[in-house]
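Remarks on the overall topology
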Amino acid sequence: MKYLARLTLIAVSLCYLVSDQSPVSAAAPEKPNIVFILADDLGYGDLGCYGQKKIKTPRIDQMAADGMKFSQMYAGSTVCAPSRCVLMTGLHMGHCRVRGNTRVKENQSLKPEDVTVAEILKQAGYTTALTGKWGVGEAGTQGVPNLQGFDYFYGYLNQHNAHNYYPGFLWKNGKKVKLNNVVDPATINSDGLGGVATKKVDYSHDLVMQEALQFIDRSAQDPFFLYVALTIPHANNEAGRKVGDGQEVPDYGIYENKDWKKQNKGQAAMITRMDTGVGQILDKLKALKIDKKTLVIFSSDNGHHREGGNDPEFFDANGPLRGMKRDLYEGGIRVPFIAYWPGTTPADTVSRHIGYFGDLMATAADLADVPCPPGLDSVSIAPTLTGHPDQQKQHDFLYWEFYEQGSKQAVRAGKWKAVRMPMLTGETELYNLNQDLGESNNLADEHPELVKQLEAMMQQAHSEDPLWQPGGKTPKKQPAPGDGKPRF
């Protein structure tokens, strides 16, 4: 298998960028099940447990109360596809395969030599499944989930198609499954994807959740890894352009009678529907009596959006942070991150550990007691999850790149955060996040030597890739119906 081909014969049970790690506490269950739930475009301030006042998220809030809430965890990128690539491979944006959203499918697909979390867990005897949005492997490429370590897949391959909550089809493993929806052909792009349904019957989010619950049912007796990649609360951008409302949801639920515009009702209803689904997963684990041997993590792929007609200021979707999706300020990349593992992860705790969800790779290898590929940008957070923060290794720094909007890059080292636009050549801004969480006071002129140090980290982290070049040389997206606004 490609994993074994890449694996060096070294006796390690986890991988780190610069250092070894103490073994996981003996009190932790052997080979716990791992469920990773990823929301799509959910802001740092969109959950009650992170300060949200208008949108109700009781099940996730209770998950945080019964588990551990992280206050300084980050996504892999500020948009969909590259963030998911980081999550699956444990390589940050300077090293990973997919570094942006593109309609060139070969460039947005993992290759055979890429190793995913699912693959390393299969080596440990796990059954693996993905329900929801993949985004890093198109049909006809080597990047599809079933060739990247997943035994079972149900959902969307293409992230553009995932805009439509009432699509004409979803994928089950390698086959299209026709749904009962009818999509307006005039709204579908040249690849036959996306669009707006004129007949809405099958709501994809509900189908994805149903498949996730069924997988847990049939896999409860053996270790399993379940990646639930939700599309909520991403907007249907095509519907937003066509009818002015991209917040697709079957009903407004508890927000029906609110004196809000319909797009805000829809945004809130989507998030609360997601919250209900998370609760269903937790209830299923408890009913099967496997909750105490299952680690559940909830996070988001990037910061909040302003698409489909919703008003993020109305909800204060980024809380105290500056920026949103497509920014490398905190609001674009700092995300909710909650870990729930009854009896193992200390309840009602808040961790200030600085990490990102690219750490899933090392953490999963650690918990499953298997080696993972060397040279990754991944640090196991198992010590923190098992109540031993004193044993927790730290990143030297965290790193991001973004190739749209003229390009930009960012690095965080301890309390310091640097943002440079355009990447590689632009002026660098410097912020002290301990004193200035909103990144309003640029200290670059006051600390020129520190700026040079952080720029050196950027240079160290960035590796050249002919497919991803700053300054407008990245692969161009093909034209699609619409007005040229963001497609992803």
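Just so you know, these numbers come straight off a predicted model, no measurement behind them.

Thresholds applied
Residues numbered from 1 in each chain as written. Predicted model: local features only at pLDDT ≥ 70, side-chain atom pairs only at ≥ 80, totals over all residues. Heavy atoms only, no water. Pairing = 2+ DSSP bridges. Helix = DSSP H or I, 4+ residues; strand = E, 2+ residues; numbered from the N terminus. Axes fitted to C-alpha atoms, helices over the stretch in contact; angles between N-to-C directions. Salt bridge = Lys/Arg side-chain N within 4 Å of Asp/Glu carboxyl O. Buried < 20%, exposed > 50% of the residue type's maximum accessible area, 1.4 Å probe, protein only. Phe/Tyr/Trp six-rings, centres within 6.5 Å; stacked < 30°, edge-to-face > 60°. Lys NZ or Arg CZ within 6 Å of the ring centre and 35° of its normal. Contact = heavy atoms within 4.5 Å. Core = buried A, V, L, I, M, F, W, Y, C linked by side-chain atoms within 4.5 Å. Parallel < 35°, antiparallel > 145°, perpendicular 65-115°, else oblique. pLDDT = per-residue confidence, 0-100. Expected span 1.5 Å × (residues − 1).

1. Remarks on the sheet that holds strand S18 (residues 427-432)
Backbone-to-backbone hydrogen bonds join strands into a sheet, with any given pair of strands oriented parallel or antiparallel. Spatial strand order, S15-S16-S17-S18: 4 strands in an open sheet with antiparallel pairing. In the strand order of this sheet, the two ends are held by strand S15 (398-402) and S18, each with one partner. Here the strands of the sheet are splayed against their neighbours by 15° on average, with no regard to which way each runs. The pairing of strand S17 (residues 416-421) with S18 spans 6 bridges and is antiparallel. The residue bridging Arg-420 from the neighbouring strand is Thr-428, located in S18.

2. Things to note about the sheet that holds strand S11 (residues 294-300)
One open sheet accounts for 10 strands, arranged S7-S6-S5-S4-S10-S1-S11-S12-S2-S13; its pairing is mixed. With partners counted over all chains shown, the strands left at the sheet margins are strand S7 (175-178) and strand S13 (349-351), one partner each. Sheet twist, expressed as the average angle between the axes of neighbouring strands with direction ignored, equals 15°. For strand S2 (residues 68-70) and strand S12 (residues 337-340), the ladder comprises 3 bridges, and the chain directions are antiparallel. Opposite Met-68, over in S12, you have Ala-339 as the bridge partner.

3. Some words on the pattern of salt bridges
For the coordinates displayed, the defined rule picks out 25 salt bridges. Salt-bridge contacts for Arg-97 lead to Glu-113; the nearest nitrogen and oxygen are separated by 3.0 Å. Residue Arg-97 is located in the loop between helix H3 (80-89) and helix H4 (117-123), and its partner Glu-113 is located in the loop between H3 and H4; the two are separated by 16 residues in the primary sequence. Overall, Arg-97 belongs to the partly exposed group, its relative accessible area being 25%. Classification of Glu-113 by relative accessible area gives partly exposed; the value is 41%.

4. Describing the packing of aromatic side chains
Aromatic rings in a pair are described by how distant their centres are and how their planes are angled relative to each other. Throughout the structure, instances matching the rule amount to 17 aromatic pairs. Arranged with centres 5.1 Å apart and planes meeting at 50°, the rings of Tyr-74 and Trp-400 form a pair that is tilted. Pair noted here: Tyr-74 is in strand S3 (residues 73-74) and Trp-400 is in strand S15, with a separation of 326 residues, a long-range link. Comparing Tyr-74 with Trp-400, the two get one shared label, buried. Here a set of aromatic residues connected by ring pairs shows up, and it is made of Trp-134, Phe-150, Phe-225 and Tyr-227. Note that Lys-54 overlies the ring of Phe-314, its terminal NZ or CZ placed 4.4 Å from the centroid. It is Arg-218 that lies over the ring of Tyr-152; its NZ or CZ is 4.7 Å from the centre.

5. Quick look at helix H10 (residues 360-368)
Turn by turn, an α-helix covers 3.6 residues, leaving residues three or four places apart pointing in a common direction. With 9 of 9 residues buried, H10 is to be regarded as a mostly interior element. Of all the positions in H10, only Leu-360, Met-361, Ala-362, Thr-363, Ala-364, Ala-365, Asp-366, Leu-367 and Ala-368 are classed as buried. The inward-facing, buried residues of H10 contact strand S1 (33-39), H3, H4, S11 and helix H11 (382-385).

6. So, the environment of Val-144
On the secondary structure map, Val-144 appears in the loop between strand S4 (127-133) and strand S5 (152-156). Overall, Val-144 belongs to the buried group, its relative accessible area being 15%. Not counting chain neighbours up to four residues away, the residues in contact with Val-144 comprise Trp-134, Gly-137, Glu-138, Ala-139 and Leu-157.

7. Side note on the pairing of S15
Counting buried residues along S15, 5 of its 5 residues qualify, which places the element largely inside the surrounding structure. The side-chain alternation of S15 yields two buried faces, one formed by Leu-398, Trp-400 and Phe-402 and the other by Tyr-399 and Glu-401. Bridging between S15 and strand S16 (residues 408-413) involves 5 bridges; their strand directions are antiparallel. Paired with Leu-398 across the bridge in S16 is Arg-412. Between S15 and S16, which pair antiparallel in sequence order, lie 5 residues; one of them, Gln-405, sits at a positive phi of approximately 55°.

8. Thoughts on the nonpolar core
Residues Phe-36, Leu-121, Trp-134, Phe-225 and Tyr-227 are the most contacted members of the largest nonpolar core, which totals 70 residues. Ranked by residues supplied to this core, first place goes to H10 with 6 residues. Residues contacting Phe-225, with those up to four places away along its chain left out, are Ile-34, Phe-36, Met-88, Val-117, Ala-118, Leu-121, Tyr-126, Thr-127, Thr-128, Ala-129, Phe-150 and Phe-215. Counting residues in each nonpolar core, the second largest holds 56 residues, with Tyr-154, Ala-212, Leu-226 and Leu-230 among its members.

9. Some remarks on the packing of helix H2 (residues 58-65) against helix H7 (residues 262-287)
Orientation of H2 relative to H7, taken along the N-to-C sense of each, is 50°, at an axis distance of 7 Å. When the axis of H2 is compared with that of H7, the two are oblique. Residue-level inspection shows Pro-58, Arg-59, Ile-60 and Met-63 of H2 in contact with H7, the latter providing Met-274, Asp-275, Val-278, Gly-279, Leu-282 and Asp-283.

10. Focus: the pairing of S4
Looking along a regular strand, one sees side chains alternate from face to face of the sheet. Among the 7 residues in S4, 6 count as buried, and that is most of the element. Judged from the 6 bridges that link them, S4 and strand S10 (residues 224-229) form a sheet pairing that is parallel. Bridge pairing links Thr-131 to Val-228 in S10. With 5 bridges joining them, S4 and S5 adopt parallel strand pairing. The residue of S5 that forms the bridge with Thr-131 is Tyr-154.

11. Some details on the confidence of the model for the protein
Here the protein shows a mean pLDDT of 91. Residues at 70 or above account for 90%. Contacts of residues 1-27 to residues separated by more than four positions or lying in other chains number 66 contacts, the stretch itself having pLDDT below 50. The low-confidence segment residues 474-488, where pLDDT is below 50, has 48 contacts with residues more than four positions distant or belonging to other chains.

12. As for the environment of Lys-293
Its place among the elements puts Lys-293 in the loop between H7 and S11. Using a relative accessible area of 38% as the deciding quantity, one classes Lys-293 as partly exposed. As for Lys-293 and Ile-34, which are separated by 259 residues in sequence, their C-alpha atoms are 8.8 Å apart.

13. Description of H7
When the terminal C-alpha atoms of H7 are compared, their 37 Å separation across 26 residues agrees well with the 38 Å that a helix rising 1.5 Å per residue should span. Once H7 finishes, Lys-289 follows within two positions and takes phi at roughly 60°, a positive value.

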